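# An overview of the molecular structure
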Amino acid sequence: MKKGINMKWNRKDLLGLEDLTKNEIKLILDTTESFKEISTREIKKVPALRGQTIANLFFEPSTRTRISFELAEKRLSADVVNFSASTSSLSKGETLIDTARNIEAMKIDCVVIRHSSSGASYMLSKKLNAAVINAGDGTHEHPTQALLDMFTIREKKGRLEGLKVAIVGDIRHSRVARSNIWGMRKMGIEVRICGPKTLLPVDIEKMGAKVFYHIEHAVKHVDVIMTLRIQKERQGQSYFPSIREYSKLYGLTSERIKYAKGDVLIMHPGPINRGVEIMPEVADGPYSVILEQVTNGLAVRMAVLYLVMGSKTKEASV
Amino acid sequence: MKLLIKNGCVVDPSQHINEKMDVLIENGKICKLGKNIRENDCEIFNAKNMIVSPGFIDMHAHLREPGREDAETIATGTRSAAKGGFTSICCMPNTEPAIDNQSVVKFILEKAKKEGKVNVFAIGAITKKRHGAELAEIGDMKDAGIVAVSDDGNWVENSALMRGALEYSEIFNIPVISHCEDMTLSGKGVMNESYISTVLGLEGIPREAEEIAVFRDISLAKMLNTRIHIAHLSSVGTVELIKEAKTRNIKVSCEVTPNHFTLTEQAINGYDTNTKVNPPLRSEDDIQAIKNGLADGTIDVIATDHAPHTITEKEYEYDNAPFGIIGFETAIGLAITELVHSKVLSLSQLVEKISYNPAKILGFETKGTLKIGSDADITIIDENKKWIVDVNRFLSKSKNCPYHNRKLKGKVIATIVSGKIVFHDSIRESK
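A short tour of the structure in this document, coming up. Bear in mind the structure is a predicted one, so any value in this text is a computation, not a measurement.

## Focus on the overall build of chain A
Helix and strand counts for chain A come out as eleven helices and nine strands. Expected size for 318 residues packed as a compact globule is a radius of gyration near 20 Å; at 19 Å, chain A falls within 12% of this value. Taken over the C-alpha atoms alone, chain A extends approximately 50 × 45 × 35 Å along its principal axes. Looking at chain A as a whole, 60% of its 318 residues are labelled buried. Pairs at least 24 residues apart make up 74% of the contacts formed inside chain A by residues separated by at least 6 positions.

Below is the structure:
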């Protein structure tokens, strides 16, 4: 592993990709490359964050993101405490700000927060001196997911600039889509979004994405297809009549993949509904990099934690 | 018992007065109005370089009593109103319990008489418990003293019921005030639906949620030839609908809050819950349309929609924090800064919208004017006094205000209710 990564990170927090520059994103992706190697070692632990304390505040159920962050923290030798929704103070009527004040009182160095309300990480960051990393807030942003998506694409394709990516599904309720649109546009990717109009937020094209209602058009000649989880609770409302019809119109089948480039990558942020937004043969097929996304997620989170927390200790070594 | 206000510039649109004059008050009434009044044996208020206006009337406020005394009470709310220059305020019925029967009306009016600094008028609910299912006992509440009816916070979605409310209220000659919001369309929205709501990941409330409701209410007023008053409008489309209705002589009046001619949805960047208000802050285009509507007379009234919420409630996430901004203590500063100094309205037009017009709509014959014999409710302002909003100095029990540290030009110097000075800036400042 390269010693003494040239530190160019100057932010207290990582709240979203909207705020980041192309160079900052590139720095995270480059740093991730170094960290990915660590998980292949016999001893998968480095002392980078020894003596620092991280609190993982998960106010919304999460399995892979929570485990991924915790593992990343432990492999960097940080001390880790976990709060989850069921044991949190929120159920006792405390506000998020109260929670923040308590964290501050315990001298924690970094907070990783997942919350069902958009802006929760911003509210926390304003009240805390500790670093705040957004692990997904409402339908706003999920920056580490988009970073791991871009890392995976770059690793496979050798570049980001000039690629075409189609994101298919419930864009309206997706923080993953928003973070990816911000990040990918900055890195020079053409982003196409596709779904029924009821599941696209207003004026989304102003974020720089091209809008498609038909999946066959959206995936034509693309380098990457990313499908998003469709929540079954949305059926029967004004969004779409049934899961059956949604799947028929937007489900990613092996037939539909044929419209894309021959070396297309199939991605999904998980958890997947097999047979709904993505067919099992596609999810498990030769183009799928879904599990590699998970592997890379760990490395991306190590890099983010290292940069955000390491920016305090200038001469951090790994 | 006598008070002589000397050397001020009297602005009274009801009499087309806008010149230096003295005002003599005796026994709580306007007794004399003229140049160089000489009177022995009376208290003198020197209003040199100040504006002397008929007292401001806020036809849309929330005092939270009974039910939410932790956010505001009649005592604290009326002190806050006095500081903001309001001599009369109308409290909306979304209390707990709602003002939907004469006993709650009496409770509020009696409490206000005992503890209130300014005149308090009650607005009764249109429907029982504001549930939109059946008419409340409007006649009984009118006997107890209500001056209008409204289900504020809710739109009466059932058109037949709203028709009934408009017809029935006509018997008592009180206005029906409609909170126009098609809630099936606004849904779980917390801000204006736009590119910004998409970026922030917050659910949007489209302008059409308001406009659809406004259109129906105007249609009913036209069909029945009754009055309708549209509360807190926020969109270009609403201004257009009302303007058009007025050209057809439909009896529609409307109000706007200072929030909706001052702030755009840009203020929500950063998720400050003090910007969460219903109807939501909109865009620059809407503000421009509202300013045009104020200038051309489409918009009759400026009302605060003073909506106190505790600090704790506003510390919840944007989705979960309640809607509402307190308004008494910043209203006139914002109105003078945003409208008068930026040449949207003359001072006289402003007084019309914040005093004379609400009095006319509510049928207050002895308020909103300085005619001889009227109630001596007077607001004295310094239109050029600069000040900085500091929520910590508010007299309201709540602090939910997005204008903290904002520089304003135009301040209330004194508030007089029934001839008695209930607020004086210099006294307050030297406390």
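## Regarding the sheet that holds strand β2 (residues 79–84) of chain A
All names here are of chain A. Pairing within the open sheet is parallel, and its four strands lie in the order β2-β1-β3-β4. Two strands in the sheet have a free side with no partner beyond their single neighbour: β2 and β4 (131–137). Geometrically, the sheet is characterised by an average inter-axis angle of 15° between neighbouring strands, direction not taken into account. Across five bridges, the pairing between strand β1 (residues 53–58) and strand β3 (residues 110–115) is parallel. Residue pairing in the sheet places Ala-55 in a bridge with Val-111 of β3.

## Considerations on the packing of aromatic side chains
Summed over all chains, the structure comprises eight aromatic pairs over all chains. Geometry around Phe-323 of chain B places Lys-276 of chain B over its ring, the cationic atom sitting 4.7 Å from the centre.

## Some thoughts on the interface of chain A and chain B
Across the contact, 28 residues belong to chain A and 21 residues belong to chain B. Summed over both sides, the interface of chain A with chain B buries roughly 1,900 Å², with 53% coming from carbon and sulfur. Contact with chain B buries area across many residues of chain A, yet Thr-95, Met-123 and Val-202 of chain A alone supply 27% of it, more than any other trio. Put simply, chain A and chain B have two salt bridges between them. Elements that contribute at least two residues to the side of chain A that touches chain B include exactly α3 (96–105), α4 (120–127) and α6 (175–186) of chain A. Residue composition of the side of chain A that touches chain B, grouped by class: ten nonpolar, ten polar and eight charged.

## Focus on the sheet that holds strand β5 (residues 164–168) of chain A
Residue and element names in this part refer to chain A. Taken in spatial order, the five strands of this open sheet run β7-β6-β5-β8-β9, and their pairing is parallel. Two strands close off the open sheet at either side, each with one partner strand: β7 (210–212) and β9 (265–267). Averaged over all adjacent pairs, the angle separating strand axes in this sheet is 20°, with direction ignored. Across the sheet, helix α5 (residues 143–157) lies against β5, β8 (224–227) and β9, angled at about 165° from β9, the strand it touches most.

## What about unusual backbone geometry?
For the bond running from Gly-270 of chain A to Pro-271 of chain A, omega is -5°, close enough to zero to count as cis. Mapping Pro-271 of chain A onto the fold places it in the loop between β9 and α10 (280–283). Here the amide bond leading from Asn-278 of chain B into Pro-279 of chain B is cis, since omega sits at 0°, within 30 degrees of zero. Tracing the backbone shows Pro-279 of chain B in the loop between α9 (258–262) and α10 (284–295). With a phi close to 50°, Asp-305 of chain B is a non-glycine residue in the positive phi region. Using a relative accessible area of 9% as the deciding quantity, one classes Asp-305 of chain B as buried.

## Here we look at the pairing of strand β17 (residues 407–417) of chain B
Residue and element names in this part refer to chain B. In terms of burial, β17 is a largely internal element, nine of the eleven residues being buried. Across eight bridges, strand β16 (residues 378–388) lies against β17 in antiparallel orientation. Opposite Ile-381, over in β17, you have Val-412 as the bridge partner. Two elements, β17 and strand β18 (residues 420–424), share four bridges in a ladder whose sense is antiparallel. If you follow Ala-414 over to β18, its bridge partner there is His-424. Where β17 folds back onto β18 in an antiparallel hairpin, the turn is made up of two residues, including Ser-418, whose phi is positive at roughly 50°.

What counts as what
Residues numbered from 1 in each chain as written. Chains lettered and ligands numbered in written order. Predicted model: local features only at pLDDT ≥ 70, side-chain atom pairs only at ≥ 80, totals over all residues. Heavy atoms only, no water. Helix = DSSP H or I, 4+ residues; strand = E, 2+ residues; numbered from the N terminus. Rg over C-alpha atoms; globule rule 2.2 N^0.38 Å. Buried < 20%, exposed > 50% of the residue type's maximum accessible area, 1.4 Å probe, protein only. Contact = heavy atoms within 4.5 Å. Pairing = 2+ DSSP bridges. Axes fitted to C-alpha atoms, helices over the stretch in contact; angles between N-to-C directions. Phe/Tyr/Trp six-rings, centres within 6.5 Å; stacked < 30°, edge-to-face > 60°. Lys NZ or Arg CZ within 6 Å of the ring centre and 35° of its normal. Buried area = accessible area lost by both parts, 1.4 Å probe. Salt bridge = Lys/Arg side-chain N within 4 Å of Asp/Glu carboxyl O. Nonpolar A, V, L, I, M, F, W, Y, C, P; charged D, E, K, R; others polar.

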